[in-house]
Amino acid sequence: MPDHVTQKVLDTLIERWSIDDDWLVRDDNGFSWWGCPLGQRINVEGPHEIAGLPTYHLTFDVPIFDVADVEPSKLTSLLPLLNRAWNVGAFLVEDNVLKLCGRTYFMEPTAPFRTDQMATVAITAYEYALASMTELVKNSAELGIGAAKGILDNDHPTQGPRRDMDEMLDVIDGAIRPSGELAVPTQRQVDFEMAYQALLTKDRWMPEQIEGGVQGTHIGREGTIMETAVFRYQMIEHPLLGHGYLTTFTVQGETYEHEDDALAASNRRCAAWNALEWQHTDDPPLIALGAWTNNIGGPDYNPLRADVTYALFEPKIVGAAESAFIAVTGAFARVQLLDGPRQVMQA
């Protein structure tokens, strides 16, 4: 049986989404539900002791495509493209299945806030996964993924495939985009000041304030895979979701003679790091609701350098009272993963 913390989180999500019992399958660690032909898995792992604290992980997972027959190089090129357009969760491949995934961690006192946050992010990602499947099927030949097929046999074990659409899968048009039509209020400038002050306290970071946000440049240790990392935290207007906060964390890579070689190296590293983030449940805990992608068109973009960028967008409707703290501490956690002992992550 799940403990009372896990039970409360799962019950809250089921109630918040008004999930019909006919399309729900529960177990001790979570539940699966079908709001459309695709199923979504919600899981709570833990508690695990991290830094002496009982820590849980709340994840969502939407299988989209069977890619067993797709050439690996096509997938490593496609994944950064998908992740660059989205930034709320990560597209990755696991067991020959293209998935849209996300994870957050929480302790018992922060469970209500994290559950509220995930209730919005996970249902938005679920709707986006369905739209992505439709677009990928339509454009599979153009994208070079050949005979890839949408996973339509991931059905409810007794009800079979769901043909109608759950009304909750109108969250983007019904709630997210209308809320994001108005800019983030100027009162939220305090978030940027918090981020700036946090950067000032960290060794080897050189912070500066920028228009609509803050950024800091980190100089890596000699001999590591990271030479320079740039953290940016600013207000933007997402093309799909409206106004909100964008966190980007760009790690410079090696320089190549040809652009194609630099892009290929960046794509490989993105795939490896997204997979690692999805598997990572150790110290330091990470909020993995964004994704690693290439830095095409980003600040200081160099087409001959294999940079990678972690991008996380928080829609305005989420009400990210802790946005600056999460963004900054998440960036430093990733520095610890990249800068030092985890040389296995080199592309």
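Residues numbered from 1 in each chain as written. Predicted model: local features only at pLDDT ≥ 70, side-chain atom pairs only at ≥ 80, totals over all residues. Heavy atoms only, no water.

1. Things to note about the pattern of salt bridges
Taken as a whole and assessed by the stated rule, the structure comprises 12 salt bridges. The salt bridge involving Arg26 is made with Asp11; its shortest N-O contact spans 2.9 Å. Of this pair, Arg26 sits in strand β1 (residues 24-27) while Asp11 sits in helix α1 (residues 4-17), placing them 15 residues apart in sequence. Among the residues examined, Asp11 registers a relative accessible area of 32% and is labelled partly exposed. The partner of Arg162 in a salt bridge is Asp164, with the nearest N and O atoms 3.0 Å apart. Residue Arg162 is classed as buried on the basis of its relative accessible area, which comes to 7%. Within this structure, Asp61, Glu94 and Lys99 form a network of salt bridges that share partners. (Salt bridge = Lys/Arg side-chain N within 4 Å of Asp/Glu carboxyl O. Helix = DSSP H or I, 4+ residues; strand = E, 2+ residues; numbered from the N terminus. Buried < 20%, exposed > 50% of the residue type's maximum accessible area, 1.4 Å probe, protein only.)

2. As for the sheet that holds strand β11 (residues 242-251)
Read from one edge to the other, the open sheet built from six strands follows the order β8-β9-β10-β11-β13-β12, with strand pairing classed as antiparallel. Since the sheet does not close on itself, it has two edges, and those belong to β8 (205-210) and β12 (291-294), each with one partner. Within the sheet, the average angular offset between the axes of one strand and its neighbour, ignoring direction, is 25°. In the packing of helix α7 (residues 259-279) onto the sheet, the strands contacted are β11, β12 and β13 (308-315), and the crossing angle to β12 comes to about 180°. (Pairing = 2+ DSSP bridges. Axes fitted to C-alpha atoms, helices over the stretch in contact; angles between N-to-C directions. Contact = heavy atoms within 4.5 Å.)

3. Some points on a negative patch on the surface
A surface patch of negative charge is lined by Glu257, Glu259, Asp260 and Asp261. Relative to the assigned elements, Glu259 resides in helix α7. Relative accessible area serves as the criterion here: at 48%, Glu259 is assigned to the partly exposed category. (Patch = residues over 30% accessible without salt bridge, like charges linked within 9 Å, V, L, I, M, F, W, Y side chains within 5 Å. Areas by Shrake-Rupley, 256 points an atom, 1.4 Å probe, with all protein chains shown as cover. Lys, Arg positive; Asp, Glu negative; His and termini not counted. Charge placed at Lys NZ, Arg CZ, Asp CG, Glu CD.)

4. A word on the pairing of strand β6 (residues 97-106)
Of all 10 residues in β6, 10 are buried; the element is thus mostly enclosed. One ladder, built from 10 bridges, connects strand β4 (residues 53-66) with β6; its direction is antiparallel. The partner of Asp61 across the bridge, within β6, is Cys101. Taken together, the five bridges between strand β5 (residues 90-94) and β6 define a ladder with antiparallel strand orientation. Residue pairing for β6: Glu94 is matched across the bridge by Val97. Between the antiparallel neighbours β5 and β6 lie two residues, among them Asp95 with a positive phi of about 55°.

5. Here we look at the packing of helix α2 (residues 72-86) against helix α3 (residues 111-138)
Contact geometry for α2 and α3: axes closest at 13 Å, N-to-C directions at 135°. Judged by the inter-axis angle, α2 sits oblique to α3. Remark: the crossing between α2 and α3 carries right-handed chirality. Contacts from Leu78, Leu82, Ala85 and Trp86 in α2 reach Thr124, Ala125, Tyr128 and Leu136 in α3. Looking at side-chain class alone, the contact of α2 with α3 contains seven nonpolar, one polar and no charged residues. (Parallel < 35°, antiparallel > 145°, perpendicular 65-115°, else oblique. Left-handed = near helix turned anticlockwise from the far one by under 90°. Nonpolar A, V, L, I, M, F, W, Y, C, P; charged D, E, K, R; others polar.)

None of the figures reported here should be taken as evidence of function without further support.
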